[in-house]
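Take a look at the letters that make up each chain.
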Amino acid sequence: MEFKEFTGKTKDEAITAASVELGVASSELDIEVLEEGSSGFLGFNSKPAVIKARKKFSVEDTIKEFLSNVFHAMNLEVEMNISLEDENVYNIEFKGDNMGVLIGKRGQTLDSLQYLTNLAVNRNSDVYYKVKLDTENYRQRRKDTLENLAKNISYKVKRTKRMVSLEPMNPYERRIIHSALQNDKFVTTHSEGEEPYRHVVVTLKK
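From a predicted model like this one, the values you see are computed outputs, not experimental measurements.

Caption draft 1: Region of the structure containing helix H2 (residues 59–73). When the terminal C-alpha atoms of H2 are compared, their 21 Å separation across 15 residues agrees well with the 21 Å that a helix rising 1.5 Å per residue should span. Those residues of H2 that fall on the buried side of the exposure criterion are Val59, Thr62, Ile63, Leu67 and Phe71. Relative to the axis of H2, the buried residues are bounded by an arc of 150 degrees and lie together on one face. Set apart from the buried face of H2 by more than 90 degrees, the exposed residues are Asn69, His72 and Ala73.

Listed below in structure tokens is the structure:
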């Protein structure tokens, strides 16, 4: 929200005017005093107090404003359910028609939107906040798919005794593969290549 200018006979009156118009308590305002104001002598040469004020932005406000602008540009109607996982982690669940557009191929659109939302939230923040986006339980479904893939690849490596290179994946998905096979007695995993082509390789343990 942009700053708006408010005036009053005194600074307190200007702040009160801002609180009334913006519909929040003065403690919830970002305020910049432009003119302190003065009563003058016997009422002559008095000057009004002038301030600039806006609602303080919460993390949730920033998330909503950023994503609403994105969805407006995409011409999508999306319902956002925001929950706090812990003090600095926000989970956002999207609901609406045609959520496949937001997911994209292998979740690439959802991952990109999550990355940009995190940038927007942390741009002017002294504290790091993490924002996680999901829709239609995509994250869990993708995790289950990758874990099943890891088990099948492990079986193939054991059977053929040949290493297998998987398709390029983002760091989060690579971690799922590594984690799924970390306790396997017969195979091991490592990553090769540079982003965005970095991929997991599954090999027999020596």
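Now that the structure has been shown, the text picks up again.
Caption draft 2: Molecular detail of the domain arrangement of the protein. Domains assigned within the protein are domain 1 (4–55), domain 2 (59–136) and domain 3 (140–204). With five residues of domain 2 at the contact, the number on the domain 3 side is five residues. Note on domain 2 versus domain 3: buried area summed over both sides is about 350 Å², and carbon and sulfur give 20% of it. Considering only the side of domain 2, the residues that lose the most area to domain 3 are Arg106, Asp111 and Glu136, jointly responsible for 87% of the buried surface there. At the surface where domain 2 touches domain 3, the tally comes to one salt bridge. The salt bridge partner of Glu167 is Arg106, with a shortest N-O separation of 3.1 Å. The interface formed by domain 2 and domain 3 includes three residue pairs in polar contact (both at pLDDT 80 or more).

Caption draft 3: Local environment of the pairing of strand S4 (residues 79–86). Examined bridge by bridge, S4 and strand S5 (residues 89–95) share seven bridges and lie antiparallel to one another. Bridge pairing links Met80 to Phe94 in S5. Between S4 and S5, which pair antiparallel in sequence order, lie two residues.

Caption draft 4: Representation of the side chain of Asn122. Topologically, Asn122 is positioned in helix H4 (residues 108–122). Taking relative accessible area as the criterion, Asn122 reaches 15% and is therefore assigned buried. A distance of 2.9 Å separates the side chain of Asn122 from the backbone oxygen of Asn118, its partner in a polar contact. Looking at Asn122, its side chain comes within polar contact range of the main-chain nitrogen of Tyr129, at 2.7 Å. When neighbours within four sequence positions are excluded, Asn122 is seen to be in contact with Val127, Tyr128 and Tyr129.

Caption draft 5: View of the side chain of Thr135. Residue position: Thr135 is located in strand S6 (residues 130–135). Those residues in contact with Thr135, other than ones at most four positions away along the chain, are Glu93, Phe94, Met99, Ile103 and Arg141.

Caption draft 6: Fine view of the sheet that holds S5. Strands sit in the order S4-S5-S6 across an open sheet of three strands; the sheet is mixed. Bordering the open sheet on either side are S4 and S6, each of which pairs with just one other strand. Sheet twist, expressed as the average angle between the axes of neighbouring strands with direction ignored, equals 25 degrees. In this sheet, S6 lies alongside S5 in parallel orientation, the contact comprising six bridges. Each residue of the ladder has a partner; that of Ile92, found in S6, is Leu133. Strands S5 and S6 of the sheet are contacted by H4, whose axis makes an angle of about 150 degrees with S6.

About the cut-offs
- Residues numbered from 1 in each chain as written.
- Predicted model: local features only at pLDDT ≥ 70, side-chain atom pairs only at ≥ 80, totals over all residues.
- Heavy atoms only, no water.
- Helix = DSSP H or I, 4+ residues; strand = E, 2+ residues; numbered from the N terminus.
- Expected span 1.5 Å × (residues − 1).
- Buried < 20%, exposed > 50% of the residue type's maximum accessible area, 1.4 Å probe, protein only.
- Arc of directions from axis to C-beta.
- Domains from an automatic or database assignment.
- Contact = heavy atoms within 4.5 Å.
- Buried area = accessible area lost by both parts, 1.4 Å probe.
- Salt bridge = Lys/Arg side-chain N within 4 Å of Asp/Glu carboxyl O.
- Polar contact = N/O pair within 3.5 Å; in protein donor to acceptor, adjacent residues only side chain to side chain.
- Pairing = 2+ DSSP bridges.
- Axes fitted to C-alpha atoms, helices over the stretch in contact; angles between N-to-C directions.

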